[in-house]
Amino acid sequence: MADKIKFGFLLAGGCAGCETALVDISERLVDALDHLEVVFWAPTVADVKYKDLEAMEDGYIDLAFVDGMVRNTENEHTVKVLRQKSKTLVAFGACASLGGIAALGDMHSKKELFDQAYKDTFSTDNPEGILPEPQCLWEGKYDLTLPAFTKRVSTIDQLVDVDYYVGGCPPHHDFIFQLIQAVVSGNLPPKGSWLTSGKAVCDVCKRNPAEHDQQRLPIGEVYRTVEGLPDEDKCLLQQGYICFGPVTQGDCQASCLNVNIPCRGCGGPIPGVRDYGARCVSMVASSLKDDQTAEKLIAKFNDMAKFCYRYSYSSGILNQKLTPGNKA
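In this text the structure is predicted, and so the values were computed from the model without any measurement. Every chain's residues receive numbers from 1 upward, in the order its sequence appears when written. Owing to the predicted nature of the model, reporting of local features is limited to residues with pLDDT of at least 70; listing and counting of side-chain atom pairs is limited to 80 or more, with chain, interface and lining totals taken over all residues. Where side-chain values are given, they derive from all heavy atoms of the structure, hydrogens and water being excluded.

Caption draft 1: Expanded view of the pattern of salt bridges. A pair is scored as a salt bridge if a Lys or Arg side-chain nitrogen falls within 4 Å of a carboxyl oxygen belonging to Asp or Glu. One pass over the full model with this rule turns up 12 salt bridges. Ionic pairing is found between Asp 115 and Lys 119, a salt bridge with its closest N-O pair at 3.5 Å. Counted as one network, the salt bridges with shared partners bring together Arg 83, Asp 161, Asp 163 and Lys 191.

Caption draft 2: Region of interest: the layout of surface pockets. Here a cavity is any set of points on a 1 Å grid over the protein atoms alone where a 1.4 Å probe fits but cannot get out, and a pocket is any open set with protein on both sides within 12 Å along at least 5 of 7 lines; a residue lines the site when it has an atom within 4 Å of a point. Grid points are joined across faces, edges and corners, and a volume is the space filled by probe spheres set on the points. Computed from the structure, the largest pocket encloses a volume of approximately 640 Å³. Around the largest pocket sit 38 residues that line it, and Cys 256, Pro 262, Arg 264, Gly 265 and Tyr 311 are the ones nearest its centre. For helices the rule is a DSSP run of H or I covering at least 4 residues; for strands it is a run of E covering at least 2, with both sets numbered from the N terminus onward. For the lining of the largest pocket, the secondary structure elements donating two or more residues are helix H7 (173-185), helix H10 (255-258) and helix H13 (304-308). The residue inventory of the lining of the largest pocket, partitioned by class, reads 19 nonpolar, 11 polar and eight charged. Per the annotation, domain bounds derive from an automatic or database assignment of domains. Each of domain 1 (5-101 + 151-195) and domain 2 (201-315) gives at least three residues to the lining of the largest pocket. The calculated volume of the second largest pocket comes to roughly 370 Å³. Residue lining of the second largest pocket: 19 residues in total, with Ser 97, Asp 157, Val 273, Arg 274 and Ser 315 positioned closest to the centre. Gly falls in the polar group here, along with every residue not listed as nonpolar (Ala, Val, Leu, Ile, Met, Phe, Trp, Tyr, Cys, Pro) or charged (Asp, Glu, Lys, Arg). The residue makeup of the lining of the second largest pocket, split by class, is eight nonpolar, nine polar and two charged.

Caption draft 3: Local environment of the domain arrangement of the chain. Partitioning the chain into domains gives domain 1 (5-101 + 151-195) and domain 2 (201-315). Residues are treated as being in contact if the distance between any of their heavy atoms lies within 4.5 Å. Across the boundary between the two partners, domain 1 contributes 18 residues, which contact 14 residues of domain 2. Buried area between domain 1 and domain 2, both sides added, is near 1,200 Å², and the carbon and sulfur share of it is 57%. For this analysis, a polar contact is any N or O atom pair within 3.5 Å, provided that within protein one partner can donate a hydrogen and the other can accept it, and provided that sequence-adjacent residues contribute only side-chain to side-chain pairs. Linking domain 1 to domain 2 there are six residue pairs in polar contact (both at pLDDT 80 or more). Of all the elements in the fold, those that place two or more residues in the side of domain 1 that touches domain 2 are helix H5 (94-98) and strand E8 (149-154). Per-class residue counts for the side of domain 1 that touches domain 2 are eight nonpolar, nine polar and one charged. Here's the idea: put two parts together, see how much 1.4 Å probe accessible area each one loses, and the total over both is what we call buried area.

Caption draft 4: Looking closely at the environment of Arg 216. Mapped onto the fold, Arg 216 is located in the loop between helix H8 (201-204) and helix H9 (236-239). The partly exposed category is assigned to Arg 216, whose relative accessible area is 35%. The spatial distance from the C-alpha of Arg 216 to the C-alpha of Ser 193 is 31 Å, given a sequence separation of 23 residues. Setting aside residues no more than four positions away along its own chain, Arg 216 makes contact with Cys 202, Asn 208, Pro 209, Cys 235, Leu 237 and Gln 238. The buried label applies to any residue whose accessible area, calculated with a 1.4 Å probe on protein chains only, is under 20% of its type's maximum; exposed applies above 50%, and partly exposed to all values in between.

Caption draft 5: Spatial organisation of the UniProt feature "domain: NADH:ubiquinone oxidoreductase-like 20kDa subunit" (unreviewed entry) in the chain. UniProt positions are given in the numbering used here, feature names are shortened, and annotations may be inferred rather than shown by experiment. Here the UniProt feature "domain: NADH:ubiquinone oxidoreductase-like 20kDa subunit" (unreviewed entry) sits at residues 15-182. In residues 15-182, helix accounts for 33% and strand for 24%; the two terminal C-alpha atoms are 26 Å from one another.

Listed below in structure tokens is the structure:
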């Protein structure tokens with residue numbers, strides 16, 4: 001037991017899909033547990049409380065994963081505590097590394113978000129327009145509290161120091177197993193690296209024109225996925241279905257493309273890309289045949305910011321103040 005790697009896993013503001021992906025490695029997880037001792041994994045696996053985590057000595061956990069973004073004050077507190085208790089911290093999945101889908105909420109005001117969530121949805125019955133408050137004195141004697149909504153969604157590294165990053169929404173279970181093998185063997189890259197195969201989605205996609213000795217051609221048409229059925233043997237981008245495979249990490253083995261769905265970028269940026277959404281815009285623009293095709297694109301995708309920053313808005317530079325150490 002003493003030689004095992006003490007492992008912790010914290011769900012911050014995510015949906016727990018990344019935790020499920022880890023469990024999805026199936027019986028290989030049982031083999032991995034020969035080398036890992038789970039000391040904190042709440043609430044999915046271990047019956048431990050935040051106070052148990054807070055009581056641990058600093059650096060007690062050898063390796064900790066965080067999945068999910070920082071969305072409220074509870075997330076802020078627990079991520080900071082886990083960082084303090086862990087020797088190595090991994091931002092695990094698109095939300096932790098890039099902000100994820102929830103970060104698109106930062107393109108709206110808090111009022112817009114709360115009205116949509118608690119007043120305006122079709123199934124909501126809230127005639128008094130009651131909204132959640134972080135503190136409430138119930139019946140004059142019960143002091144009730146909720147985590148407060150933060151001003152913006154944050155990635156984990158915008159709050160604490162992060163050692164490694166893993167992309168995916170969620171990370172692919174086969175790649176997770178490779179990752180665990182690398183951790184157990186101590187075969188890890190320098191701190192600050194993405195744990196990735198280093199290949200783009202196009203590199204592992206069977207539709208890649210280069211795999212068939214074909215030349216990529218400028219795109220003259222643009223389609224949404226609801227328009228028609230793409231040819232399953234041809235490059236989606238070449239057919240006019242906008243696909244972010246050229247600029248996205250391919251640790252998923254092109255899972256979406258294998259079922260005829262274009263890549264939307266959950267795997268995170270290929271090495272060297274600072275702003276994933278900006279690179280998507282650049283890649284798509286350089287793929288279009290002419291101005292008329294660009295007009296078709298804008299007409300069909302009328303919210304390009306949410307389209308290109310679907311998983312990465314928090315980590316991009318759009319609408320954020322740059323500091324001298326955080327240049328694009």
